[in-house]
Amino acid sequence: MTNTNGRFGVYGGQYITETLMNAVIELEAAYDKYKADADFNAELEKLFNEYAGRPSRLYFARRATENLGGAKIYLKREDLNHTGAHKINNVLGQALLAKKMGKTRLIAETGAGQHGVATATAAALMNMECVIFMGEEDTRRQALNVYKMRLLGAEVVAVKSGTATLKDAVSETFREWTRRISDTHYCLGSVMGPHPFPTIVRDFQAVISKEIKSQMLAAEGRLPDAVIACVGGGSNAIGSFWHFIDDGQVRLIGCEAAGRGVDTFETAATINTGRQGIFHGMKSYFCQDKFGGIAPVYSISAGLDYPGIGPEHAYLHDIGRAEYVPVTDAEAVDAFEYLSRTEGIIPAIESAHAFAHAQKIAPTMSADKIIVVTLSGRGDKDCVSVAKFRGVNLHE
Ligand SMILES: *Cc1c(COP(=O)(O)O)cnc(C)c1O
């Protein structure tokens, strides 16, 4: 049942059909049981450490710091996790929970394919059946990830409804879950959807800020002045923010994909251009057309072009605890190249949005200030599209 735990201010909730209610009630009960269970947490920590490669490094970016002149910049290296991004944290948590619930089958949506690959990975590891729903348009754009998912033993279903992209894949996965609740868990990929997903995904991703806090105290003996992360649905950002929310002196900054600019229609900056609405089971901010329909969104970054944002971010925005800033394709591409050249780290184009903002604010801060930027993933997957942005056509 919807309870106060499912709300972040007025946001969140469970705007779903009766048939789906049974599934989320079962999930909520299981999560309430296992989140405090010592064995469950020990097992998850073992998976994090031995399989995913946690804790991820907190790396002092010396050359970038010297070059930009100003605040010290640290990078939280989620790009070094197995499968190359933060997504594995959530997926291992949910797959383990599903196993405990007696489920034998995982289903998930995917846009660019990153969450699908992570889910297929966990399913392989835990010997579970796996079906991934992906917009038909995206299966064409991301053929390599479709191949990887199949290699990992998953079935990939091309979704043809709507615009045949991520939002349609989410809708189709919910439909499939309604059809087959008994043996199936929907492993949702970000802090979105109906309660309890935004809470569950946040809790599994909160390991990021837990580690940042202890690593920063060990390195500098104090908390950072700002934590910056990119925001699609918002899972790596909320994971990076979570253990700092009560530390009012730490600025929390989410970077939205502005695409070609917030004053164009080719953007995915939800807080900066969207309005309150209800979609995919939750109340939050969404990019909408003048009739209140979900607007088509655009970003060079496939991981950030979702028309909504997790309800907890909507709340943190409204109460002024976190800031949400737009970063354009051009700024992200500049940051992608800068970090590659300056630190020898090729970031995911999503993460480059966060670093781009650090590049803007670090020079305005004094040398005794500290910024942490979460590098949500690695950028191998983005080289073709960045090259194309620069007018170079690599073979596909
Ligand atoms: C999926 C993805 C994102 C966006 O998802 P969030 O839920 O907003 O974190 C960001 N970075 C990378 C590397 C991704 O794969």
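Above this text you will find the structure in question.
Residues numbered from 1 in each chain as written. Predicted model: local features only at pLDDT ≥ 70, side-chain atom pairs only at ≥ 80, totals over all residues. Heavy atoms only, no water.

(A) Region of the structure containing unusual backbone geometry. Here Arg-54 and Pro-55 are connected by a cis peptide whose omega angle stands at -5 degrees. As for its position among the elements, Pro-55 is in the loop between α2 (38–52) and β3 (58–60). Following His-195, the chain continues to Pro-196 via a peptide bond in cis, the omega torsion being 10 degrees. The phi dihedral of Thr-83 falls on the positive side, at around 75 degrees, and the residue is not glycine. Position of Thr-83 relative to the elements: it lies in the loop between β4 (72–77) and α4 (87–100). Residue Thr-83 is classed as partly exposed on the basis of its relative accessible area, which comes to 23%. Although it is not a glycine, Ala-164 adopts a positive phi angle of roughly 55 degrees. Structurally, Ala-164 is set in the loop between β7 (155–159) and α8 (166–179). Take Ala-164: its relative accessible area is 10%, and that puts it in the buried class. (Helix = DSSP H or I, 4+ residues; strand = E, 2+ residues; numbered from the N terminus. Buried < 20%, exposed > 50% of the residue type's maximum accessible area, 1.4 Å probe, protein only.)

(B) Inspection of helix α13 (residues 311–318) at higher detail. Listing the buried residues of α13 in full gives Pro-311, Glu-312, His-313, Ala-314 and Leu-316. With its phi angle positive at about 80 degrees, Gly-320 sits one or two positions after the end of α13.

(C) Just the packing of aromatic side chains, in detail. Within the structure shown, the criterion is met by 10 aromatic pairs. Measuring from ring centre to ring centre gives 6.1 Å for Trp-177 and Tyr-186, while their planes differ by 80 degrees; the resulting arrangement is edge-to-face. Residue Trp-177 is classed as buried on the basis of its relative accessible area, which comes to 2%. On the basis of relative accessibility, which here comes to 0%, the residue Tyr-186 falls in the buried class. Clustering of aromatic rings is evident, with ring pairs tying together Phe-174, Trp-177, Tyr-186 and Phe-197. Lying across the ring of Phe-60, Lys-72 places its NZ or CZ 5.4 Å from the centre. (Phe/Tyr/Trp six-rings, centres within 6.5 Å; stacked < 30°, edge-to-face > 60°. Lys NZ or Arg CZ within 6 Å of the ring centre and 35° of its normal.)

(D) Focus on the layout of surface pockets. As a volume, the largest pocket reaches approximately 1,500 Å³. Every residue lining the largest pocket is counted, 44 residues in all, and those nearest its centre are Arg-141, Gln-142, Ala-302, Lys-381 and Ser-385. Elements represented by at least two residues in the lining of the largest pocket include exactly α5 (114–125), α6 (136–141), α7 (143–151), α8 and α16 (383–389). If one sorts the elements of the lining of the largest pocket by residue count, α7 sits on top with 5 residues. (1 Å grid on protein atoms, 1.4 Å probe; cavity = no way out; pocket = protein on both sides within 12 Å on 5 of 7 lines; lining within 4 Å. Points joined across faces, edges and corners; volume = space filled by probe spheres on them.)

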